[in-house]
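An overview of the molecular structure
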Amino acid sequence: MMSESSETRLVAESRVPESSVRSGDARPVDYSRVFTQAIDRLHAEGRYRVFIDILRNKGMFPNARCFAGHNGPKPITVWCSNDYLAMGQHPKVIAAMEEALHDVGAGSGGTRNIGGNTHYHIDLEVELADLHGKEAALLFTSGYVSNEATLATLAKVLPGCIIYSDELNHASMIAGIRNSGAEKRVFRHNDLAHLEELLSTDDPALPKLIAFESVYSMEGDVAPVAAICDLADKYNALTYLDEVHAVGMYGARGGGISERDGVADRLTIIEGTLGKAFGVMGGYIAADRTIVDVIRSYAPGFIFTTSLSPVLVAGVLASVRHLKSSSLERDGQQAAAATLKAMLSDAGLPVMLGETHIVPVMVGDPVKAKKISDILLAEYGVYVQPINYPTVPRGTERLRFTPGPAHSEAMMRELTDALVEIWGRLELRQAA
Ligand SMILES: Cc1ncc(COP(=O)(O)O)c(C=O)c1O
């Protein structure tokens, strides 16, 4: 397991040595040089991010058009989308958004408190509370904001609170925990013994919160949710579960791993996104009525921002409702993930064989990961973004494939053959 936590990486990422800013004499700071150097560092390490310029073709996902570096748009197959179930292209979702646009116009026109509390928002919160079997839910403008705002606020409302955080938690949870000012203990990834060791050494009288994810999106592994709830019960801790990479995709109604494992009622707060499997945009928490009321009333990230466009909310409503009753997309995704993992593994490629829909292929070098991704796009029309530091620890750079119900076996075969050819061409490491 990796020794470097997400937090360590994120702090290191943004820190520039003071010596490179101060001139050391009376000369004024050369701002332009400092900014240029910050970018140069990324180039030197081979992890400067290049955004690929694409347009998806409505109703034909994973087909898209790519604009960069070509003479006109070039057809590509998208292999790294978090629109995991292609719900962003679903006719019901598109129809609901069109209808809302024509009925109420484009934006919400205000914060939830001042003019922006539309009927769509209220309906969606009821739908999401029901999805997780909770009394209430609260919408945010993104999953990132929901994590940051909720964690930062919770611990402020609980003086003395200690937060126990999995070392691979997402940047948004880390930001929320940091902004809460609470004491923090980082436990080794999914390591129950370590978590218990930390819980047992703290004062039993202090408030405690365990913050973790269900599906870890870069590894594709799953947290022992029930066992963490057992520890929470034993040490009288609250639990905060990020189900961003699980909602819509696991559980009979898409309630996530907590629904699949029958433990939703044991979690204090469940957090999710509306921008991945639900295919649109936004984030939320679901919890008991009082906790939701506390966040609604105290969290600046909820209070002081324009609410989601009703058009987006209408699309999410259609998506959540559809996935509550249809397992077709979920089953298709699981079948596609199993097929792709088998193909890549049979071909000797270093695929990480987790139990989820996420299919990472280890490269272990940022320059090579970028090179493979560039060749795939330029020569094979395959789009997969390289995943580099600080998203993953150095030396574990990878390609992360997200097969879904719309990826055909023929597409998977083409992808596998392309990877085998590139692996040979670049003399890359095969599976152990
Ligand atoms: C684990 C996790 N939590 C939260 C988020 C943020 O969600 P959103 O994209 O809706 O802001 C992400 C996004 O990638 C994530 O991976």
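Our subject is the structure listed above.
My aim in this report is to walk through the structure given alongside it, one point at a time. (Residues numbered from 1 in each chain as written. Predicted model: local features only at pLDDT ≥ 70, side-chain atom pairs only at ≥ 80, totals over all residues. Heavy atoms only, no water.)

A separate point is the state of the cysteines. Across all of its chains, the model carries zero disulfides by this definition. Sulfur of Cys-80: no disulfide; nearest cysteine sulfur belongs to Cys-66 and is 11 Å away. As a non-bridged cysteine, Cys-161 has Cys-229 as the owner of its nearest cysteine sulfur, 16 Å distant. Look at Cys-161 and you get buried, because its relative accessible area is 3%. (Disulfide = S-S within 2.5 Å. Buried < 20%, exposed > 50% of the residue type's maximum accessible area, 1.4 Å probe, protein only.)

So, about empty space enclosed by the protein. Considering all chains together, one arrives at three cavities of 30 Å³ or more under this definition. Considering only enclosed or pocket space, the largest cavity measures out at about 80 Å³ in volume. Around the largest cavity, the lining residues are Arg-112, His-121, Leu-139, Phe-140, Thr-141, Gly-301, Phe-302, Thr-305, Thr-306, Ser-307 and Leu-308. Grouping the amino acids of the lining of the largest cavity by side-chain chemistry returns four nonpolar, six polar and one charged. (1 Å grid on protein atoms, 1.4 Å probe; cavity = no way out; pocket = protein on both sides within 12 Å on 5 of 7 lines; lining within 4 Å. Points joined across faces, edges and corners; volume = space filled by probe spheres on them. Nonpolar A, V, L, I, M, F, W, Y, C, P; charged D, E, K, R; others polar.)

Let's shift gears to the site of the ligand. Around the ligand, 13 residues are found, and the nearest of them are Gly-143, Tyr-144, Asp-242, His-245 and Thr-273. Between the ligand and Gly-143 there is a distance of 2.8 Å, counted from an oxygen atom to a backbone nitrogen or oxygen. Protein coverage of the free-state accessible area of the ligand, which is 390 Å², stands at 81%. If you map the ligand onto the pockets, it falls in the largest pocket. If you tally residues by element for the shell around the ligand, the top one is helix H5 (residues 143-157), at three residues. When the residues that make up the shell around the ligand are grouped by side-chain class, the tally is two nonpolar, eight polar and three charged. (Near = heavy atom within 4 Å. Polar contact = N/O pair within 3.5 Å; in protein donor to acceptor, adjacent residues only side chain to side chain. Areas by Shrake-Rupley, 256 points an atom, 1.4 Å probe, with all protein chains shown as cover. Sits in = over half its atoms within 2 Å of the grid points. Helix = DSSP H or I, 4+ residues; strand = E, 2+ residues; numbered from the N terminus.)

This part takes up the layout of surface pockets. The volume enclosed by the largest pocket comes to roughly 1300 Å³. Around the largest pocket, the lining is made up of 48 residues, and of these Asn-82, His-170, Met-218, Ile-387 and Thr-391 lie nearest the centre. Of the residues that constitute the lining of the largest pocket, the class distribution is 20 nonpolar, 17 polar and eleven charged. Computed from the structure, the second largest pocket encloses a volume of approximately 330 Å³. Along the wall of the second largest pocket there are 18 residues; nearest its centre are Arg-112, Glu-125, Leu-138, Arg-296 and Phe-302. Of all elements in the fold, only helix H4 (119-131), strand S4 (136-140), helix H10 (289-298) and helix H11 (300-303) reach the threshold of two or more residues within the lining of the second largest pocket. In terms of residues, the lining of the second largest pocket owes the most to one element, H10, which gives five residues.

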